[in-house]
Amino acid sequence: MRRLYSTFAGGWPGIGLVLMRLVVGVVLVDSAASIVLSNPPAAMAMVSVLLAGAGILLIVGLFTPIVGTLVALAEICYLFASPAQRLVYLLVATFGAALAMLGPGLWSVDARLFGWKRIERSPRKG
């Protein structure tokens, strides 16, 4: 993860990335919940549950580049398969691709796990 991003954005850009992650994650979880609660076919329910899991991972900021890419690809597939909500699919796919390219930001699990660590050397005795 550290090789993908030289820094994890903090300040206002970091807040913007948190908002992007929250919006995409909430949209994915909400749409997956509405699909699963309507008794769909098993394959559609499984895809919805996987997208809900991806939404939760985006909300907390874990494996953001991988999940963002998968969300973008899934939403592009939905864009061509379902004519009902094309703008929603397009926006979520765009946000997912942007998150994959920009990274999770400073306030994420990715930054805590894979961010740069500062190593303090203890003074020499003697």
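For the structure, see preceding data.
Parameters at a glance
- Residues numbered from 1 in each chain as written.
- Predicted model: local features only at pLDDT ≥ 70, side-chain atom pairs only at ≥ 80, totals over all residues.
- Heavy atoms only, no water.
- Helix = DSSP H or I, 4+ residues; strand = E, 2+ residues; numbered from the N terminus.
- Rg over C-alpha atoms; globule rule 2.2 N^0.38 Å.
- Buried < 20%, exposed > 50% of the residue type's maximum accessible area, 1.4 Å probe, protein only.
- Expected span 1.5 Å × (residues − 1).
- Contact = heavy atoms within 4.5 Å.
- Patch = residues over 30% accessible without salt bridge, like charges linked within 9 Å, V, L, I, M, F, W, Y side chains within 5 Å.
- Areas by Shrake-Rupley, 256 points an atom, 1.4 Å probe, with all protein chains shown as cover.
- Salt bridge = Lys/Arg side-chain N within 4 Å of Asp/Glu carboxyl O.
- Core = buried A, V, L, I, M, F, W, Y, C linked by side-chain atoms within 4.5 Å.
- Axes fitted to C-alpha atoms, helices over the stretch in contact; angles between N-to-C directions.
- Parallel < 35°, antiparallel > 145°, perpendicular 65-115°, else oblique.
- Left-handed = near helix turned anticlockwise from the far one by under 90°.
- Lys, Arg positive; Asp, Glu negative; His and termini not counted.
- Polar contact = N/O pair within 3.5 Å; in protein donor to acceptor, adjacent residues only side chain to side chain.
- Nonpolar A, V, L, I, M, F, W, Y, C, P; charged D, E, K, R; others polar.

Participant: Describe the overall build of the protein chain, naming the residues involved and giving the relevant values.
Facilitator: Scanning the protein chain for helices and strands turns up five helices and zero strands. Taken from N to C terminus, the helices and strands of the protein chain fall in the order α-α-α-α-α. A compact globule built from 126 residues would reach a C-alpha radius of gyration of about 14 Å, whereas the protein chain, at 18 Å, exceeds it by more than 25%. Principal-axis analysis of the C-alpha atoms gives the protein chain an extent of 75 × 25 × 20 Å. Out of the 126 residues belonging to the protein chain, those deemed buried represent 33%.

Participant: Describe helix α3 (residues 64–81), and please don't skip the residues or the numbers.
Facilitator: The periodicity of an α-helix, 3.6 residues per turn, causes residues three or four positions apart to be oriented the same way. For α3, spanning 18 residues, the distance from its first C-alpha to its last is 25 Å, which sits close to the expected 26 Å at 1.5 Å a residue. Residues of α3 that are buried sit in contact with α1 (11–36), α2 (42–60), α4 (86–102) and α5 (109–114).

Participant: Kindly report on a nonpolar patch on the surface, identifying the contributing residues and their values.
Facilitator: Together, W12, I15, L19, L22, L106 and W107 give the surface a local cluster of nonpolar side chains, amounting to about 620 Å² of exposed area. In this fold, W12 is placed in helix α1. Exposure remark for W12: the relative accessible area of 71% places this residue in the exposed category.

Participant: Got a sec to walk through the nonpolar core? Specific residues and values, please.
Facilitator: V24, L28, L58, V71 and L99 are the most contacted members of the largest nonpolar core, which totals 15 residues. Put simply, the parts of the chain that give this core at least two residues each are α1, α2, α3 and α4. With near-sequence residues (within four places) excluded, V24 lies in contact with L58, V71, V92, F95 and L99.

Participant: How would you sum up the packing of α1 against α2? Please name residues and give values.
Facilitator: Taken N-terminus to C-terminus, the directions of α1 and α2 make an angle of 155 degrees; their axes are 8 Å apart at the nearest point. It follows that α1 is roughly antiparallel to α2 by the angle criterion. In the crossing of α1 with α2, the sense of the turn from one axis to the other is left-handed. Note on element contacts: α2 touches α1 through M44, A45, S48, V49, L51, A52, A54, G55, I56, L58, I59 and V60, opposite R21, L22, V24, G25, V26, L28, V29, A32, I35 and V36.

Participant: Give a description of the side chain of D110 that names residues and reports values.
Facilitator: Topologically, D110 is positioned in helix α5. Despite its burial, D110 remains without a salt bridge, the nearest opposite charge being carried by R21 at 7.4 Å. Side-chain polar atoms of D110 contact the backbone nitrogen of T64, separated by 2.9 Å.

Participant: Tell me what's going on with unusual backbone geometry, and back it up with residues and numbers.
Facilitator: One non-glycine residue, N39, lies in the positive phi region at around 55 degrees. Relative to the helices and strands, N39 resides in the loop between α1 and α2. In the Ramachandran plot, F63 falls in the positive-phi region, its phi being about 55 degrees despite a non-glycine side chain. We classify F63 as partly exposed; its relative accessible area is 36%.

Participant: Lay out the packing of α3 against α4 in plain terms, naming residues and giving numbers.
Facilitator: α4 packs onto α3 with a crossing angle of 160 degrees between their chain directions and a minimal axis gap of 7 Å. With respect to α4, the element α3 is oriented roughly antiparallel. Crossing hand, α3 versus α4: left-handed. Where α3 approaches α4, its residues T64, P65, G68, T69, V71, A72, E75, I76, Y78 and L79 are matched on the opposing element by R86, Y89, L90, V92, A93, G96, A97, L99 and A100. In the contact of α3 with α4, the residues fall into 13 nonpolar, four polar and two charged.

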